Amino acid sequence: MTQELIGRWTAETNERAFLEFTEDGSLHGSDGANNLMTSWSAEPEGLMIKSSMMTLKAAPGMVTWVPKARRVEPDGDRLHLFDAAENHLGDLHRQLPGPTHKLGGR
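Everything quoted here is computed from the prediction, not taken from an experiment.

K.L.:
Would you explain the overall build of the protein in this entry?
P.N.:
Summing up its helical and strand segments, the protein has 0 helices and 8 strands in all. Each helix and strand of the protein, ordered N terminal to C terminal, gives the series β-β-β-β-β-β-β-β. Scaling as 2.2 N^0.38, a compact globule of 106 residues should have a C-alpha radius of gyration of about 13 Å, and the protein matches this with 13 Å. For the protein, the proportion of its 106 residues judged to be buried stands at 42%. Across the protein, the fraction of contacts at a sequence separation of at least 24, relative to all contacts at a separation of at least 6, is 38%. Of the roughly 6300 Å² of accessible surface on the protein, 53% is carried by carbon and sulfur atoms.

K.L.:
I would appreciate a short explanation of the nonpolar core in the present structure.
P.N.:
Generally speaking, soluble globular proteins have nonpolar side chains that are buried together. Leu-5, Leu-19, Phe-21, Val-72, Leu-79 and Leu-92 are the most contacted members of the largest nonpolar core, which totals 19 residues. Among the elements of the structure, strand 2 (17-21), strand 4 (35-43), strand 5 (46-49) and strand 7 (78-82) are those that each provide at least two residues to this core. Sort the elements by how many residues they give to this core and strand 2 lands first, with 3 residues. If sequence neighbours within four positions are ignored, Leu-92 has contacts with Trp-9, Thr-10, Ala-11, Leu-19, Trp-65, Val-66, Asp-77, Arg-78, Leu-79 and Leu-81.

K.L.:
Can you walk me through the packing of aromatic side chains in this structure?
P.N.:
Any aromatic ring pair is given by two values, namely how distant the centres are and how the planes are angled relative to each other. Evaluation of the coordinates by the stated rule reveals 1 aromatic pair. Their ring planes at 80° and their centres at 6.0 Å tell us that Phe-21 and Trp-40 sit as a pair that is edge-to-face. With a gap of 19 residues between them, Phe-21 in strand 2 and Trp-40 in strand 4 connect regions that are remote in the sequence. Each of the two residues, Phe-21 as well as Trp-40, counts as buried. Positioned above the aromatic ring of Phe-18, the side-chain terminus of Arg-8 is 3.6 Å from the ring centre.

K.L.:
Can you walk me through the pairing of strand 3 (residues 26-31) in this structure?
P.N.:
Walk down a regular strand and you will see the side chains alternate between the two sheet faces. Looking at chain direction, strand 2 and strand 3 are connected through 5 bridges and run antiparallel. Note on strand 3: the bridge partner recorded for Ala-17 is Asp-31. Once strand 2 ends, the chain turns through 4 residues before running back antiparallel as strand 3, passing Gly-25 with a positive phi of about 90°. Across 5 bridges, the pairing between strand 3 and strand 4 is antiparallel. Counterpart to Ser-26 in the pairing with strand 4 is Ser-39. Counted along the chain from strand 3 to the antiparallel partner strand 4, the turn is 3 residues long, and its residue Gly-32 has a positive phi close to 105°.

K.L.:
Is there a simple way to explain the UniProt feature "domain: DUF306" (unreviewed entry) in the protein in this structure?
P.N.:
Taking the numbering used here, the UniProt-annotated feature "domain: DUF306" (unreviewed entry) corresponds to residues 11-61. Helix makes up 0% of residues 11-61 and strand 47%. Its end C-alpha atoms lie 10 Å apart.

What counts, and where the lines are drawn
- Residues numbered from 1 in each chain as written.
- Predicted model: local features only at pLDDT ≥ 70, side-chain atom pairs only at ≥ 80, totals over all residues.
- Heavy atoms only, no water.
- Helix = DSSP H or I, 4+ residues; strand = E, 2+ residues; numbered from the N terminus.
- Rg over C-alpha atoms; globule rule 2.2 N^0.38 Å.
- Buried < 20%, exposed > 50% of the residue type's maximum accessible area, 1.4 Å probe, protein only.
- Contact = heavy atoms within 4.5 Å.
- Areas by Shrake-Rupley, 256 points an atom, 1.4 Å probe, with all protein chains shown as cover.
- Core = buried A, V, L, I, M, F, W, Y, C linked by side-chain atoms within 4.5 Å.
- Phe/Tyr/Trp six-rings, centres within 6.5 Å; stacked < 30°, edge-to-face > 60°.
- Lys NZ or Arg CZ within 6 Å of the ring centre and 35° of its normal.
- Pairing = 2+ DSSP bridges.
- UniProt positions renumbered as here; feature names shortened; annotations may be inferred.

In structure tokens, the structure reads:
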């Protein structure tokens, strides 16, 4: 189940909002304005994201629920995100391999 999680998942409304899971358990992401760096692991309760600190910049089109995710559930090309209370926050979509956008890049 963890192999289907590996890769970059983006928000439909703003591809600068994303979560990128790596095989070594690292997790990088953004809400569209702020960088997120933490880790993830497979636990009995599911695929879990550890809490992390983030900057608090604001930008148009931010997807503020992305950094609130504590559990994720891959479902084909969708990734369902849940908070610590198991509320469904929203879905990200698998980004196909190719160029990626970096914050601050052009």
